[in-house]
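Spelled out from the first residue to the last, the chains are:
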Amino acid sequence: MASSSSPLEELLAFAGVKDGTISSPRLALVVLGAALAAYALVFAVINVVDYIRIARGLSAIPSAPGGVPLLGHVIPMLTCVSQNKGAWDIMEDWMDAKGPIVKYNIAGTQGVAVRDPKAMKRIFQTGYKLYEKDLKLSYRPFLPILGTGLVTSDGALWQKQRMLMGPALRVDVLDDIIRIAKKAIDRLCEKLSHHAGKGDIVDIEEEFRLLTLQVIGEAVLSLGPEECDRVFPQLYLPVMNEANRRVLRPYRMYLPTPEWFRFSSRMGQLNGFLIDLFRRRWQARQAAAAAAQGEGSSSSKPKPADILDRIMEAIEESGAKWDAALETQLCYEVKTFLLAGHETSAAMLTWSTLELAAHSQAADKVVEEARAAFGPRGESEAGRRAVDEMIYTLAVLKEALRKYSVVPVVTRVLAEDDPQGLLGYPLPRGTMVACHLQGTHRLYESPDEFRPDRFMPGGEYDQFDDADRAYMFLPFIQGPRNCLGQHLALLEARVVLGLLHARFSFKPAPSVHPDPASLFMRHPTVIPVGPIRGLKVLVEQRK
Ligand code: HEM
């Protein structure tokens with residue numbers, strides 16, 4: 001006859017507990033297992049309670065169509081790519097169907113998507129401290145690169161860094177940008193002159209990527225074009241590519257694959273390269289300051305060479321100690337500038353070039369402005385004032401940013417309950433908020449049409465209500481966390497777009513782009529959003 005014992009007795013027997021004496025290391029396993037199970041249970045209960053709290057808080061908000069129990073809206077998000085739509089396009093469909101605010105649920109993460117300018121004002125301006133960066137999801141794959149840099153920090157650290165970095169990207173550095181951008185575009189034009197009129201196919205999107213990286217590399221670190229072309233394609237670009245892959249395949253962050261090891265090794269080398277450069281620069285500054293003091297020199301400080309010099313000046317003035325923590329933080333900031341500052345600008349230039357190829361009158365106006373500022377063949381240097389007068393070129397760039405929303409969505413997560421909430425709906429702590437910049441940009445008349453005049457004085461943009469206007473154009477968002485590089489980006493792009501078109505005209509290569517309609521289709525998975533098949537062009541000298 002089989003003996004019948006209870007599960008508890010069996011567990012005690014497995015653990016070796018006999019007659020109140022402990023006789024086996026199996027007990028440790030049982031205790032560990034029990035502790036893990038208890039932890040998992042508590043974790044699950046907390047999550048369920050939290051889920052219910054957020055669901056209740058969002059109950060009055062219209063739900064996005066297409067959700068199913070448990071998975072929520074995961075399926076439309078995963079299947080949209082097969083229709084050449086991005087997750088952001090699906091969100092826009094939701095708002096078209098349900099209004100300016102909808103709630104969604106992606107496998108248990110509950111959020112709302114909004115596109116109304118009044119909601120944007122709450123998120124970016126009046127309530128910005130409540131609406132924190134979402135580091136757990138959207139920015140997670142980029143954290144090894146951006147760390148606690150400006151884009152991915154919050155609270156006191158962000159405030160301190162913004163105060164320190166802000167001035168380095170404004171004011172007089174902008175004059176240097178014109179010179180740096182002109183050199184870069186002169187080099188690209190020299191390269192293009194070998195292809196012009198020969199039927200050669202040029203990957204202009206890739207050329208813009210290299211050019212904007214050279215500009216930011218020189219503006220921030222005084223790197224020459226050869227050094228930029230040597231260091232970045234080897235270390236920085238592969239790291240960025242892997243981070244981008246991790247957005248759709250987050251498991252790549254954890255699996256110790258050969259790519260994972262290559263990523264870590266390149267990160268280490270890139271950090272090493274930057275920190276070595278910082279140390280040499282800092283020591284040179286200290287040595288120069290000591291020499292000047294020794295000579296009793298009272299001459300004024302030399303003009304900073306680049307953005308790094310300006311940041312170091314601010315560090316010296318703040319009295320901060322140079323140590324490993326400061327080096328690491330500076331490394332994050334510089335990588336943030338590289339990341340934030342080149343692909344976005346390259347995407348803006350690519351779309352603008354594509355639209356100018358399709359709108360010859362707009363191209364003629366850009367050419368006219370560039371020749372007025374830089375001379376008939378772009379041979380002269382131009383000052384800030386002359387470039388500021390290129391207002392139509394600026395309108396072209398803004399219209400490209402509006403029509404294509406290269407950053408279509410930014411996400412936030414509510415740090416506390418927001419009783420005022422968005423569009424009359426209070427929101428509970430923990431809600432994800434998709435600020436749908438693309439949705440806002442489509443609240444214009446005939447949004448699919450490319451009309452730079454919208455951004456000319458007295459144009460459609462100027463006609464918006466005073467209270468809303470600033471929140472109707474959000475490529476750089478708005479408020480205290482707005483893009484620190486926006487003036488730099490628009491200045492650089494005016495020089496590049498203007499001089500490029502003053503010298504050449506472009507036509508999408510028919511052999512690569514046989515279907516003209518697909519030229520204007522946006523990439524569904526990569527931010528900043530570029531054309532789905534890139535942009536390969538034929539080049540002609542402009543008369
Ligand atoms: C067309 C070009 C650009 C676009 C469309 C763009 C767009 C944006 C957007 C949408 C944000 C807000 C991100 C968020 O809140 O989650 C942002 C932030 C930022 N951008 Fe840009 N950006 C551009 C160029 C640049 C350049 C050239 C630089 C630097 C040289 C730069 C540096 C930054 C920094 C440091 C932040 C973080 C600001 C903060 O949180 O305090 N950006 N940018």
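Procedures and definitions
- Residues numbered from 1 in each chain as written.
- Predicted model: local features only at pLDDT ≥ 70, side-chain atom pairs only at ≥ 80, totals over all residues.
- Helix = DSSP H or I, 4+ residues; strand = E, 2+ residues; numbered from the N terminus.
- Buried ≥ 20, exposed ≤ 12 C-beta atoms within 10 Å, placed from the backbone.
- Contact = placed C-beta atoms within 7 Å.
- Pairing = 2+ DSSP bridges.
- Near = placed C-beta within 6 Å.
- Nonpolar A, V, L, I, M, F, W, Y, C, P; charged D, E, K, R; others polar.
- UniProt positions renumbered as here; feature names shortened; annotations may be inferred.
- Core = buried A, V, L, I, M, F, W, Y, C linked by C-beta atoms within 7 Å.
- Axes fitted to C-alpha atoms, helices over the stretch in contact; angles between N-to-C directions.
- Expected span 1.5 Å × (residues − 1).

Asks: Is there a simple way to think about the overall build of the chain in this case?
Replies: The helix and strand tally for the chain stands at 20 helices and 12 strands. Seen through its principal axes, the chain has C-alpha atoms that stretch 105 × 70 × 50 Å. When the 543 residues of the chain are sorted by exposure, 39% land in the buried category. Put simply, of all contacts in the chain between residues at least 6 apart along the chain, 75% involve residues at least 24 apart.

Asks: It is not clear to me how the sheet that holds strand E12 (residues 536–541) should be interpreted in this structure. Could you clarify?
Replies: What holds strands together in a sheet is hydrogen bonding between their backbones, with the strands either parallel or antiparallel. In spatial order, the strands read E6-E12-E11; together these three strands make up an open sheet with antiparallel pairing. At either margin of the open sheet sits one strand with a lone partner, and together these are strand E6 (202–203) and strand E11 (504–508). Bridging between E6 and E12 involves two bridges; their strand directions are antiparallel. By the bridge assignment for E12, Asp203 is matched with Lys536.

Asks: Please clarify how the site of the ligand should be interpreted in this entry.
Replies: Taken together, the neighbourhood of the ligand is formed by 24 residues, with Ala340, Gly341, Thr344, Cys483 and Gly485 sitting nearest. Taken together, the elements giving at least two residues each to the shell around the ligand come down to helix H13 (324–358) and helix H20 (486–503). Among the residues making up the shell around the ligand, the classes are represented as 17 nonpolar, five polar and two charged.

Asks: When you look at the UniProt feature "binding site: heme" (unreviewed entry) in the chain in this model, what are you seeing that I'm missing?
Replies: Listed under "binding site: heme" (unreviewed entry) in the UniProt record, and renumbered for this structure, are Cys483. Mapped onto the fold, Cys483 is located in the loop between helix H19 (466–469) and H20. Cys483 sits in the partly exposed class, given 19 other C-beta atoms within 10 Å. Apart from residues lying up to four places away in sequence, Cys483 is in contact with Phe476 and Ile477.

Asks: Would you mind showing me how to read the nonpolar core here?
Replies: Counting residues in each nonpolar core, the largest one holds 137 residues, and the members touching the most others are Val112 and Val496. Considering each element in turn, this core owes the most residues, 15 residues, to H13. Excluding residues that lie within four positions of it along the chain, Val112 makes contacts with Leu58, Ile61, Ile101, Val102, Lys103, Leu422, Leu427, Thr431 and Val433.

Asks: Which parts of the structure should I look at to understand the sheet that holds strand E10 (residues 432–436)?
Replies: Taken in spatial order, the five strands of this open sheet run E3-E4-E10-E7-E5, and their pairing is mixed. Where the open sheet ends on each side, the last strands, each with one partner, are strand E3 (101–106) and strand E5 (131–133). Strand-to-strand, the axes of this sheet are offset by a mean angle of 35°, without reference to chain direction. Of the strand pairs in this sheet, strand E7 (residues 409–414) and E10 are connected by five bridges, and their pairing is antiparallel. Within E10, the residue paired with Val410 across the bridge is Cys435. Across the sheet, helix H4 (residues 87–98) is in contact with E3, strand E4 (109–114), E7 and E10; its angle to E10 comes to roughly 90°. Contacts from helix H5 (residues 117–126) reach E3, E4, E5, E7 and E10, with the element oriented near 120° to E10.

Asks: What exactly am I supposed to notice about the pairing of E3 here?
Replies: Among the six residues in E3, five count as buried, and that is most of the element. Across six bridges, E3 lies against E4 in antiparallel orientation. From the neighbouring strand, Asn105 faces E4, where its bridge partner is Gln110.

Asks: Looking at this model, I keep getting lost on helix H9 (residues 204–221). Mind explaining?
Replies: At 3.6 residues per turn, the α-helix brings residues three or four places apart onto the same side. Compared with an ideal rise of 1.5 Å per residue, which puts 18 residues at 26 Å, H9 spans 25 Å between its outermost C-alpha atoms and is within 8% of the ideal. Note on H9: the residue one or two positions beyond its end, Ser222, has a positive phi of about 60°.

Asks: Got a minute to help me understand the pairing of E7 in this structure?
Replies: For a regular strand, side-chain orientation follows a simple rule: the groups alternate between the two sheet faces. Across the six residues of E7, five count as buried, placing the element largely inside the fold. As paired elements, E5 and E7 share three bridges and run antiparallel to each other. When the sheet's bridge partners are listed, Glu132 is paired in E7 with Val413.

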